[in-house]
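What follows is the residue order along each chain.
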Amino acid sequence: MTTPTPLRYKRILLKLSGEALMGDAPFGIDPTVIRRIAGEVDELSKAGAEIAMVIGAGNLFRGAGLAAAGMDRVTADHMGMLATIMNSLAMQDAIEQRGLYARVMSAIKINEVCEDYIRRRAVRHLEKRRIVIFAAGTGNPFFTTDSAASLRAVEINADLLIKATKVDGVYSADPKLDPSAQRYTRLGYDEVIERKLGVMDTTAVVLCRDNRMPLRVLDMLQHGALMRAACGQDEGTLVC
């Protein structure tokens, strides 16, 4: 009988892009994908981890694109915040269908469908082994969900921030366009910023750097990647 690998990181914040929920569809939420992600979260929770999540909204709405086309940026960003709440509610439902408890906490008031974000309450939920999904970004325009993920990870004293993408780490160039692109296994925060590697926006990386928050970038489509990262294995790229 194989002895399970112990978790290296107990409290983890998982950042998912909205595009990760689309699967192969051009828009919206793929039920198969969201159920699979919920399964990975379930497995990690049962291993003893405390899990928080931040989900983007690129599968439903792109505020930056509309702002570039002439819409008021603040209005566009507020619409994007509402889209993140929709994704968060969908994830909450998928997680609860597996028998876990989940709470969506919004940075903007929308009390009919979810809780307000209160840091101490969020930490208490985590201590009770509930999955906490932070919605609506930081609640402020001009800040991305990447920045929200870094901020919430610092606020809840997470041990690790995981950025889940469709690529298995950080590369020197876009591996889809440049076959010679090399994958990094480890990078420093300043290297990411200076080389403009596009891991997360600069504000998010600086927040991680200034608060010594380790960041691991991995491919969420790889089964077991989340668990391997939580156990401290060499999955994807570690930024620290």
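Above this text sits the structure in question.
Worth saying up front: this structure is predicted, and the values here are computed from it rather than measured.

> So what about the overall build of the chain? Which residues, and what values?
Within the chain one finds eight helices and eleven strands. Scaling as 2.2 N^0.38, a compact globule of 240 residues should have a C-alpha radius of gyration of about 18 Å, and the chain matches this with 17 Å. A principal-axis box enclosing the C-alpha atoms of the chain has dimensions of 55 × 45 × 35 Å. Residues classed as buried in the chain amount to 50% of the 240 residues present. Taking contacts inside the chain between residues at least 6 apart in sequence as the whole, the part at least 24 apart equals 71%. Accessible surface, the chain as shown: approximately 11700 Å² in total, 51% of it carbon and sulfur. The chain carries 31 positive and 29 negative side-chain charges, and their two centres are separated by 5 Å.

> Now, about the packing of helix α5 (residues 145–155) against helix α7 (residues 202–210): what can you tell me, with residues and values included?
Where α5 meets α7, the axes come as close as 7 Å, and the angle between the chain directions of the two elements is 15°. With respect to each other, α5 and α7 are oriented roughly parallel. The chirality of how α5 crosses α7 is left-handed. Packed against α5, whose contacting residues are Asp 146, Ser 147, Ser 150, Leu 151 and Val 154, the element α7 presents Thr 203, Ala 204, Leu 207 and Cys 208 at the interface. When grouped by side-chain class, the residues that make up the contact of α5 with α7 number five nonpolar, three polar and one charged.

> Residue-level account of the environment of Ala 204, with values.
Its location among the elements puts Ala 204 in helix α7. You can call Ala 204 buried: its relative accessible area is 0%. Remark: the alpha-carbon pair of Ala 204 and Ala 149, spanning 55 residues in sequence, is separated by 7.7 Å. When sequence neighbours within four positions are dropped, the list of residues in contact with Ala 204 reads Asp 146, Ser 147 and Ser 150.

> Requested: an account of the pattern of salt bridges, with residues and values cited.
Going through the model one piece at a time under the given rule, you end up with 16 salt bridges. Between Arg 98 and Asp 42 there is a salt bridge, with its nearest N and O atoms 2.9 Å apart. Of the two residues, Arg 98 is situated in the loop between α3 (73–96) and β3 (102–106) and Asp 42 in helix α1 (residues 31–46); the sequence distance between them amounts to 56 residues. Here Arg 98 falls in the partly exposed class, since its relative accessible area comes to 43%. One salt bridge connects Arg 228 with Glu 235, and the closest N-O pair in it is separated by 2.7 Å. With relative accessibility at 13%, the residue Glu 235 sits in the buried group.

Calculation criteria
- Residues numbered from 1 in each chain as written.
- Predicted model: local features only at pLDDT ≥ 70, side-chain atom pairs only at ≥ 80, totals over all residues.
- Heavy atoms only, no water.
- Helix = DSSP H or I, 4+ residues; strand = E, 2+ residues; numbered from the N terminus.
- Rg over C-alpha atoms; globule rule 2.2 N^0.38 Å.
- Buried < 20%, exposed > 50% of the residue type's maximum accessible area, 1.4 Å probe, protein only.
- Contact = heavy atoms within 4.5 Å.
- Areas by Shrake-Rupley, 256 points an atom, 1.4 Å probe, with all protein chains shown as cover.
- Lys, Arg positive; Asp, Glu negative; His and termini not counted.
- Charge placed at Lys NZ, Arg CZ, Asp CG, Glu CD.
- Axes fitted to C-alpha atoms, helices over the stretch in contact; angles between N-to-C directions.
- Parallel < 35°, antiparallel > 145°, perpendicular 65-115°, else oblique.
- Left-handed = near helix turned anticlockwise from the far one by under 90°.
- Nonpolar A, V, L, I, M, F, W, Y, C, P; charged D, E, K, R; others polar.
- Salt bridge = Lys/Arg side-chain N within 4 Å of Asp/Glu carboxyl O.

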